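One-letter residues, chain by chain:
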Amino acid sequence: MLQLGLSCLLLLHVCVVFGTELSFELPDNDKQCFYEELEKDVKFDLDFQVIAGGNYDVDCFVTDPQNNILYNEKKKQYDSFSHTTTMKGEYKVCFSNEFSTFTHKVVYLDFRHGDEEPLLQSMTRSTALTQLESSCVAIHEILKVVADSQTWYRLREAHDRTKAEHLLERVTYWSIGETVLLFVIGIGQVMMLRSFFADKKGSVLAAT
């Protein structure tokens, strides 16, 4: 069992998928672009999500080396895009927050390119997989699902935490405003009552 586990750990590292996963701040009235040099006939995948700021939306577009628009969406909270390159060169992915005048955004980006090779060279054969190969493939697929789930939960947690902080800030300001208003109303009522008694006292003195 130990040998099977060690063999699977070694085999799971045989992979040629390259990727970039990051979160970055996008100021208001600003645009940020990322560049990647790709060969021809290479598939790439793009996933993004706005996790903080404003209405949680951003503009995104992707261009090829000849500046042809491959993907262009406006005010998206999240989206995915896949494409297979038709030429070698520098591909560009841009995010724009130029439509926002005072709110900056925090954007999560996951960019992957390349094809995943078989865990074993023998898996390219037409013969059936051995028990070791089948176990390694099953573990590999499960680990990919676990990694994707962890990423999703991290994004969800960051998104919900940001919303909770904004809600706390609004509730705090609203409570302070209500407290100040309550004091103003109380002082105003006291002053009004005192003015009533002062008027009555003045009228009694004038009568005597």
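Residues numbered from 1 in each chain as written. Predicted model: local features only at pLDDT ≥ 70, side-chain atom pairs only at ≥ 80, totals over all residues. Heavy atoms only, no water.

In the nomenclature of an unreviewed UniProt entry, the chain is known as Transmembrane p24 trafficking protein 3 of Amphiprion percula. Quoted verbatim from the Sequence similarities (unreviewed entry) heading of the UniProt record, the comment on the chain is "Belongs to the EMP24/GP25L family." (UniProt positions renumbered as here; feature names shortened; annotations may be inferred.)

(A) How the structure looks around a nonpolar patch on the surface. On the surface, a nonpolar cluster with roughly 410 Å² of combined accessible area is contributed by Tyr 173, Ile 176, Val 180 and Val 184. As for its placement among the helices and strands, Val 180 is situated in helix α2 (residues 131-207). Look at Val 180 and you get partly exposed, because its relative accessible area is 47%. (Patch = residues over 30% accessible without salt bridge, like charges linked within 9 Å, V, L, I, M, F, W, Y side chains within 5 Å. Areas by Shrake-Rupley, 256 points an atom, 1.4 Å probe, with all protein chains shown as cover. Salt bridge = Lys/Arg side-chain N within 4 Å of Asp/Glu carboxyl O. Helix = DSSP H or I, 4+ residues; strand = E, 2+ residues; numbered from the N terminus. Buried < 20%, exposed > 50% of the residue type's maximum accessible area, 1.4 Å probe, protein only.)

(B) Quick peek at the packing of aromatic side chains. This model, assessed by the stated rule, comprises eight aromatic pairs. Considering the side-chain rings of Phe 44 and Tyr 91, the 6.0 Å spacing of their centres and the 55° angle between planes classify their relative orientation as tilted. Remark: Tyr 91 occurs in strand β7 (residues 89-96) and Phe 44 occurs in strand β3 (residues 43-52); sequence separation between them is 47 residues. Owing to a relative accessible area of 3%, Tyr 91 belongs among the buried residues under this scheme. One aromatic cluster is present, formed by Phe 44, Tyr 71, Phe 81, Tyr 91 and Phe 111 through successive ring pairs. (Phe/Tyr/Trp six-rings, centres within 6.5 Å; stacked < 30°, edge-to-face > 60°.)

(C) Expanded view of the state of the cysteines. Overall, the coordinates contain one disulfide when judged by the stated rule. Put simply, Cys 33 and Cys 94 are joined by a disulfide, and their sulfur atoms are 1.9 Å apart. Judged by the torsion about the S-S bond (110°), the Cys 33/Cys 94 disulfide is right-handed. You can see Cys 33 sitting in strand β2 (residues 31-38) and its partner Cys 94 sitting in strand β7, a full 61 residues away along the chain. Residue class for Cys 33 comes out partly exposed when judged on its relative accessible area of 25%. Looking at Cys 94, the relative accessible area reads 0%, which means it is buried. Cys 60 carries a free sulfur, and the closest cysteine sulfur to it, the one in Cys 94, is 8.1 Å from it. (Disulfide = S-S within 2.5 Å.)

(D) Region of the structure containing unusual backbone geometry. The phi dihedral of Asn 29 falls on the positive side, at around 55°, and the residue is not glycine. With respect to the helices, strands and loops of the structure, Asn 29 is situated in the loop between β1 (18-26) and β2. We note that Asn 67 has phi near 65°; this positive angle belongs to a residue other than glycine. A relative accessible area of 56% means that Asn 67 is categorised as exposed.

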